[in-house]
Amino acid sequence: MTLAAILMAFDEAALAALANKGIVRRAARDVEEGKASISGWEGETAIVSADGETVRIDARGPAKASCTCPAPGTCRHRIAAVLLLQQQKEEVPEEDAVPNLTAEIAALPEDVMIRFAGRAAWRAAQEIAANGGEVSDAGATLVITLHGEDVEIRYLRGLGIEGMVSKASSARRKALHAAALILARQAAGVAVSELSAEAEKTPASIDEAFLGEVRDALADACRNGLTLAPLTLEERLFTLSVSSRADSLPRLSAMLRGIARMLRERRTRDFRFDPDACLGAIAAADALARALPAVSDPERRAGLIGTVRQTYDEVGPLHLYGAGGETWRAEGGARGAVAYFYDPACDRWFTASMARGAGQDPFFDPRHAFASEAIWGGQTLAGVSRAEFRFDSVAGSPGGRLSTSAASSPEISGATMLSPDWACAFDRWDMLAERLRTRLVGSLAAPAAAQEPVVLWPRRTGRPWFDDLAQQLHWPLEDRGGQWLAVSLGNDPDRPAHLDHLASAVFRPGFSGAVIAIASVAGAAFELRPMALFDEDGVRSLDFQEPSTPKRSFSDFLQIYSRRNRSAPVPYAKPAGISFVENAATELTGIAETGCRAISRSGSQRLAEIGAQAERIGLRTVAETLALVAVASGSLASQVLISRYIVDQTRLRLAVLPMLRL
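As a convention, each chain's residues are numbered from 1 in the sequence order in which they are written. It should be noted that, the model being predicted, local features are given only for residues of pLDDT at least 70 and side-chain atom pairs only at 80 or more, the latter also being counted only at that level, while totals for whole chains, interfaces and linings use all residues. Heavy atoms from the whole structure form the basis of all side-chain values; hydrogens and water molecules are not counted.

1. Here we look at the state of the cysteines
Part 1 of the reasoning: Here, the term disulfide refers to a pair of cysteine sulfur atoms separated by no more than 2.5 Å. Under the defined criterion, the tally for this structure stands at 0 disulfides.
Part 2 of the reasoning: No disulfide involves Cys67; its nearest neighbouring cysteine sulfur is the one of Cys69, lying 3.6 Å away.
Part 3 of the reasoning: By relative accessible area, which is 17% here, Cys67 ends up buried.
Part 4 of the reasoning: As a non-bridged cysteine, Cys596 has Cys222 as the owner of its nearest cysteine sulfur, 3.5 Å distant. Think of it in three bands: residues with accessible area under 20% of the maximum for their type are buried, residues over 50% are exposed, and the middle band is partly exposed, with areas taken using a 1.4 Å probe on protein chains only.

2. Side note on the environment of Val242
Part 1 of the reasoning: Working definition: helices are DSSP H or I runs of at least four residues, strands are E runs of at least two. Numbering for both runs from the N terminus. As for its position among the elements, Val242 is in the loop between α11 (231-241) and α12 (250-267).
Part 2 of the reasoning: Only heavy atoms enter the contact rule, under which two residues are in contact if any of them lie within 4.5 Å. Those residues in contact with Val242 that lie beyond four places of it in its chain are Ala120, Ala121, Ala124, Ala171 and Arg257.

3. Observations regarding the sheet that holds strand β8 (residues 165-166)
Part 1 of the reasoning: A pair of strands is treated as paired once DSSP finds two or more bridges between them. Pairing in this open sheet of 4 strands is antiparallel, and the strands run β5-β6-β7-β8 from one edge to the other. In this open sheet, the two strands that pair with only one neighbour each are β5 (133-137) and β8.

4. Some details on the side chain of Arg257
Part 1 of the reasoning: Inspection of the secondary structure puts Arg257 in helix α12.
Part 2 of the reasoning: In this view, Arg257 contacts Ala120, Arg123, Ala124, Glu127, Phe238, Ser241 and Val242; residues no more than four positions away in its chain are not counted.

5. Points about a positive patch on the surface
Part 1 of the reasoning: Together, Lys21, Arg25, Arg26 and Arg29 line one region of the surface with positive charge.
Part 2 of the reasoning: Within the element layout of this structure, Arg26 appears in helix α3 (residues 21-32). Residues form patches when they are more than 30% accessible in relative terms and have no salt bridge. Like charges link within 9 Å. Nonpolar side chains (Val, Leu, Ile, Met, Phe, Trp, Tyr) link within 5 Å. For accessible areas, the Shrake-Rupley method is used with a probe of radius 1.4 Å. Any residue's cover is judged against the shown protein chains and nothing else. Salt bridges are defined as contacts in which a side-chain nitrogen from Lys or Arg sits within 4 Å of a carboxyl oxygen from Asp or Glu. Counted as positive: Lys and Arg. Counted as negative: Asp and Glu, with His and the chain ends omitted from the count. For the purpose of locating charges, the reference atoms are NZ of Lys, CZ of Arg, CG of Asp and CD of Glu.

6. Looking at the packing of helix α10 (residues 208-224) against α11
Part 1 of the reasoning: One way to put it is that α10 packs onto α11 with a least axis distance of 10 Å and a crossing angle of 155°. Regarding the angle of α10 to α11, the classification is roughly antiparallel. α11 is crossed by α10, and the crossing has left-handed handedness. Packed against α10, whose contacting residues are Phe210, Glu213, Val214, Asp216, Ala217, Leu218, Asp220, Ala221 and Asn224, the element α11 presents Leu233, Arg236, Leu237 and Leu240 at the interface.
Part 2 of the reasoning: Residues that form the contact of α10 with α11 fall into these classes: 8 nonpolar, 1 polar and 4 charged. Here the axes come from fitting lines to C-alpha atoms, over the contacting stretch only for helices, and the angles between their N-to-C directions go from 0 to 180 degrees. Any angle between 65 and 115 degrees counts as roughly perpendicular, while under 35 counts as roughly parallel, over 145 as roughly antiparallel, and the rest as oblique. Helix crossings fall into two classes, left-handed where the near helix is turned counterclockwise from the far one by less than a right angle and right-handed where it is turned clockwise. Three categories are distinguished: nonpolar for Ala, Val, Leu, Ile, Met, Phe, Trp, Tyr, Cys and Pro, charged for Asp, Glu, Lys and Arg, and polar for the others, with Gly belonging to the last.

7. A closer look at the pairing of strand β24 (residues 538-541)
Part 1 of the reasoning: Bridging between strand β23 (residues 525-535) and β24 involves 4 bridges; their strand directions are antiparallel. Bridged to Phe534 within β24 is Val539.
Part 2 of the reasoning: In this structure, the hairpin formed by β23 and β24 is closed by a connection of 2 residues.

8. A look at helix α7 (residues 119-129)
Part 1 of the reasoning: In terms of residue burial, α7 counts as a mostly covered element, since 9 of its 11 residues are buried.
Part 2 of the reasoning: What α7 keeps buried is the set Ala120, Ala121, Trp122, Arg123, Ala124, Ala125, Gln126, Ile128 and Ala129.

9. Quick word on the sheet that holds strand β3 (residues 53-57)
Part 1 of the reasoning: As summarised here, the arrangement of the 4 strands in space is β1-β2-β3-β4, forming an open sheet in which the pairing is antiparallel. Unpaired on one side and paired on the other, β1 (36-42) and β4 (66-67) mark the two borders of the sheet.
Part 2 of the reasoning: In terms of strand pairing, β1 meets strand β2 (residues 45-50) through 6 bridges, oriented antiparallel. Residue pairing for β2: Trp41 is matched across the bridge by Ala46.
Part 3 of the reasoning: Those strands touched by helix α4 (residues 76-86) are β1, β2, β3 and β4, and its axis lies near 60° from that of β3.

10. Notes on the packing of helix α20 (residues 576-593) against helix α21 (residues 601-616)
Part 1 of the reasoning: Interaxial distance between α20 and α21 falls to 10 Å at its minimum, and their mutual angle equals 155°. In this view, α20 runs roughly antiparallel relative to α21, as classed from their interaxial angle. Once α20 is placed against α21, the crossing between them reads as left-handed. For the pair α20 and α21, contact is made by Phe580, Asn583, Ala584, Glu587 and Ile591 and by Gly603, Arg606, Leu607, Ile610, Gln613 and Ala614, respectively.
Part 2 of the reasoning: Its residues assigned to classes, the contact of α20 with α21 shows 6 nonpolar, 3 polar and 2 charged.

11. A few points about the packing of aromatic side chains
Think of a pair of aromatic rings as described by two things: how far the centres are apart, and how the planes are tilted against each other in angle.
Part 1 of the reasoning: Here is the rule: rings of Phe, Tyr and Trp (six-membered ring for Trp) pair when centre to centre is within 6.5 Å. Planes less than 30 degrees apart are stacked, more than 60 are edge-to-face, and the remainder are tilted. Tallying each qualifying case throughout the model produces 10 aromatic pairs.
Part 2 of the reasoning: Centre to centre, the rings of Phe341 and Phe389 are 5.4 Å apart; their planes meet at 85°, and the pair counts as edge-to-face. Taken together, the residues span a long stretch of sequence, with Phe341 in strand β11 (residues 335-343) and Phe389 in strand β13 (residues 387-391) at a distance of 48 residues. The exposure classification of Phe341 matches that of Phe389, with both residues buried.
Part 3 of the reasoning: Summarising the aromatic geometry, the rings of Phe370 and Phe544 are spaced 3.8 Å apart at their centres and angled 0° between planes, so their arrangement reads as stacked. Of the two residues, Phe370 is situated in helix α15 (residues 366-372) and Phe544 in the loop between β24 and α19 (554-564); the sequence distance between them amounts to 174 residues.
Part 4 of the reasoning: Residue class for Phe370 comes out buried when judged on its relative accessible area of 2%.

Quick look at the structure:
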């Protein structure tokens with residue numbers, strides 16, 4: 001393919017992405033007025049004279065061309081050289097034409113793309129691509145847009161990875177271009193390989209100078225992130241996250257990218273921005289950066305460093321009980337179905353799932369896949385989610401995710417029979433709270449799981465009610481000690497049948513059985529979301545199982561509830577300790593929102609009052625750290641971050657269940 005034919009891929013939009021529309025117009029005018037001419041050739045390199053300057057350009061395009069002018073970036077002389085050479089185009093031989101650029105990208109070796117981006121930027125690219133986007137073929141150009149990013153990325157015929165163009169900043173360019181490649185490959189049905197995404201298992205070195213830069217940037221984020229959130233700060237954090245020095249610190253680099261994303265939300269005034277959550281994320285990253293060089297124990301250090309992806313090793317034998325399943329959908333468009341299984345012998349939960357990334361397999365339906373697609377020797381997720389079965393051996397990850405390879409075949413014993421004697425089963429809610437504090441709180445070196453399935457055996461159930469403001473259905477459950485708590489289900493448009501199935505179940509008089517709920521923690525409260533029910537009909541997943549009784553829809557429930565017009569149960573008041581730490585967190589967020597300037601006399605007084613109250617109820621660490629904030633001066637931002645991390649950890653350890661007063 002000739003140089004002219006290669007450069008034909010640079011249409012006006014591609015040239016404007018390298019420079020701007022004004023420069024492209026000026027270059028076009030120079031060519032029209034005869035100010036550009038071909039002076040000669042050096043092999044495959046064209047030498048072009050443009051308005052008194054000399055440009056050398058080859059098949060790598062204008063971004064890699066040289067010009068004698070002093071202008072930074074892609075100047076009008078390089079653009080003029082492209083426009084001039086495009087006039088010399090010839091017919092492209094049929095064997096040189098690339099009819100499908102998506103197929104060209106799909107054929108690229110993955111290790112080539114990883115080398116182009118770097119390991120840290122490749123991890124960032126996968127996170128960005130998970131948000132989805134669009135891929136459109138414009139002949140000589142493949143145009144990729146990424147959800148959440150304000151740039152178009154163009155893959156040009158004949159230019160390869162290095163020839164991709166966009167308006168992305170230098171800090172984000174490689175990560176965004178790699179994300180565009182991932183999306184294009186997904187459009188062609190090619191997923192990211194688990195093996196290539198896994199970093200080499202070499203001992204991670206701790207670069208203390210790099211961690212010092214990270215801590216400086218986080219202190220700056222504390223001072224400016226909640227107020228101005230300047231673009232330079234967002235780019236600084238993102239650059240640190242994809243630096244080669246962050247290759248061996250995947251957990252820290254992911255946290256930095258998350259903070260950069262929050263700062264973008266603040267800068268663009270996105271309604272999703274939460275200043276309290278943002279300061280909490282900055283404080284957690286600061287604590288991690290402080291802990292990494294201080295920990296010498298290999299196991300604890302490995303927890304601080306984190307992993308890129310979980311590996312699968314053979315586990316077994318396993319004796320598992322299916323406990324239902326559900327669908328899920330990520331904001332970017334990834335979706336799937338997951339089934340839950342419990343092994344009473346080792347008190348451990350396992351999962352198996354089917355999923356597709358954003359842009360992959362548009363005909364994939366999680367509900368249909370759950371019910372019909374074969375795994376494990378011809379079984380379906382729907383079948384094993386309500387069955388008792390055994391594995392001699394199956395591949396599993398440390399997090400409990402089981403491979404769905406058909407090479408493994410379980411021995412089915414029959415329908416699941418859940419037991420109230422299991423360690424994950426509770427008929428006393430005080431014991432449930434202790435379990436969740438153990439499983440969902442964690443530590444800096446041993447992060448907890450985001451959620452934990454539990455089996456609730458209520459003595460009886462109460463009348464459900466709907467919270468109009470939160471758009472949640474609450475269902476009271478009583479334990480054998482007479483205590484009530486609420487399991488809650490939100491009105492999720494991605495789960496249209498979920499509320500209907502639960503409403504149908506709670507309409508049944510005298511429900512007697514177990515509720516399988518997914519527990520999580522938000523602030524200082526545990527949340528319990530019902531996922532499946534177990535009764536004489538076996539396990540019934542709310543996302544999938546049609547009720548055996550005549551269906552009563554959620555709208556039926558709302559009509560009956562509004563006619564009765566009864567008041568909802570009253571939640572218990574928050575314990576004093578939680579109120580104090582929440583007040584402390586609010587005060588620290590307020591300091592950050594004012595730029596961490598000197599604390600006013602009234603601010604110092606409020607901190608002293610909260611600290612005194614905290615000490616009176618035994619929260620001495622909280623009291624001491626707030627006292628340090630009150631006297632900090634030049635290091636106020638750093639002390640705010642230290643104090644906020646302590647407050648957040650204390651809040652987690654005080655988390656309570658959603659108890660009710662009936």
